[in-house]
Amino acid sequence: MSELEIDIRECTSTEDFQQCIELERAVWKDDDLGIMPIRLYMISKACNAPTIGAFEPSGRLVGFVHTMIALMDKHVVYHSHLAAVREDLRHNDIGYKMKLAQRNYAIAAGVPLIIWTFDPLQSRNAHLNINKLGAVIRRYEVNYYSEGLSTVFDSDVPSDRIFAEWWVSSGHVESVLAGNRPRIEAPAEAVMIPEDINSVRAQSVEEHLKWRLRVREDFRRKLAGGLIVRGFERESGTSRYMLGRDDPQFHFEDYHETRT
């Protein structure tokens, strides 16, 4: 599909939000109890937290990213709550383009940080979030969404999550968006994950659980030592998160000092 055939814009109408609900249901295959109701999309819009949509010329929604207002250390930030792209269009950088639009809204609103969660075992998501967007990671949550809470989450493997921090105006993010791979000064440490956890799970739930617990222990130990994830490397068979030293540009104090 040509780039010109997709319009990235904010969802503003009830018709737009209804399409978000239909796409959420199609992508996540969740039951109605797990689907976010239309009124919450409308509340987010009223609070200046945009839902970014990707539309075909016909007006059909093919992807969206929903945003919520959150507080961290008494600062207003965006929480990127939901993201979905139609399965047959997932290799067209639609998700990446919607995230860039979300970043533009954050910068215009004076919001320094966008956060979201993702499964640390999903290498494709890690590559997008860290190598293409420039997010860093300093927080790991054990069984964040519980087990079997809805059809989205496994009933036999804990739903551990890591928090992506996207400091939208930082030099690190600007460098990554300009096409530069994140750099980690030596000495760096790594957390290994399988290249394709979905294939692992298809063969053995027990092996999936072993990876979960192994990565959990490794992440928690290294993050507790003050390191943060700044890069990600993909290889045949395994991938690895690259951890290095923290940096003032990933803190609110630096954001406010550089703008006063």
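Look a little higher up for the structure.
Quick notes on the rules
Residues numbered from 1 in each chain as written. Predicted model: local features only at pLDDT ≥ 70, side-chain atom pairs only at ≥ 80, totals over all residues. Heavy atoms only, no water. Core = buried A, V, L, I, M, F, W, Y, C linked by side-chain atoms within 4.5 Å. Buried < 20%, exposed > 50% of the residue type's maximum accessible area, 1.4 Å probe, protein only. Helix = DSSP H or I, 4+ residues; strand = E, 2+ residues; numbered from the N terminus. Phe/Tyr/Trp six-rings, centres within 6.5 Å; stacked < 30°, edge-to-face > 60°. Lys NZ or Arg CZ within 6 Å of the ring centre and 35° of its normal. Salt bridge = Lys/Arg side-chain N within 4 Å of Asp/Glu carboxyl O. Contact = heavy atoms within 4.5 Å.

**Q** What am I meant to see in the nonpolar core here?
**A** Soluble, globular proteins show a tendency: their nonpolar side chains are buried together. Judged by nonpolar contacts, the single largest core of 32 residues is most densely connected at Trp116, Phe118, Phe219 and Tyr241. With four residues, the single largest contributor to this core is helix 7 (residues 205–224). Counting residues in each nonpolar core, the second largest holds 14 residues, with Cys20, Ile21, Ile35 and Leu61 among its members.

**Q** I keep staring at the packing of aromatic side chains and nothing clicks. Help me out?
**A** Aromatic ring pairs are reported here in terms of the distance separating the ring centres and the angle at which the planes meet. Enumeration over the complete set of coordinates arrives at nine aromatic pairs. With a centroid separation of 5.8 Å and 85° between ring planes, the pair formed by tryptophan 116 and tryptophan 166 is classed as edge-to-face. Taken together, the residues span a long stretch of sequence, with tryptophan 116 in strand 5 (residues 113–118) and tryptophan 166 in strand 7 (residues 161–167) at a distance of 50 residues. Judged by relative accessible area, tryptophan 116 falls into the buried class, the value being 7%. Here a set of aromatic residues connected by ring pairs shows up, and it is made of Tyr140, Phe219, Phe232 and Tyr241. A cation over an aromatic ring shows up here: lysine 99 above the ring of tryptophan 116, its NZ or CZ 3.5 Å from the ring centre. For the cation-ring pair, arginine 214 lies above tryptophan 211, with the distance from its terminal atom to the ring centre recorded as 4.6 Å.

**Q** Would you mind going over the side chain of arginine 230 with me for this structure?
**A** Following the sequence through the fold, arginine 230 ends up in strand 9 (residues 228–234). In this structure arginine 230 comes out as buried when scored by relative accessible area, which is 12%.

**Q** Which parts of the structure should I look at to understand the pattern of salt bridges?
**A** Two side chains carrying opposite charge are able to pair once their charged atoms lie near each other. Considering all chains together, one arrives at 18 salt bridges under this definition. One salt bridge in this structure joins glutamate 141 and arginine 139, with 2.8 Å as the shortest N-O distance. The closest approach of N and O atoms between arginine 221 and aspartate 218, which form a salt bridge, is 2.7 Å. Placement of both arginine 221 and aspartate 218 in helix 7 is noted, with a separation of three residues, approximately one turn of the helix. Since its relative accessible area comes to 47%, arginine 221 is described here as partly exposed. Salt bridges sharing partners connect three or more residues here, namely Glu189, Glu217, Asp218, Arg221 and Lys222.

**Q** When you look at helix 4 (residues 123–132) in this model, what are you seeing that I'm missing?
**A** In an α-helix, one turn spans 3.6 residues, which is why side chains three or four residues apart end up on the same side. Considered for burial, the residues of helix 4 that qualify are Ser123, Ala126, His127, Asn129, Ile130 and Asn131. Buried residues in helix 4 make contact with strand 5, strand 6 (136–141), helix 5 (171–177), strand 8 (189–194), strand 9 and strand 10 (238–244). Once helix 4 ends, the next one or two residues include glycine 134, with phi positive near 90°.

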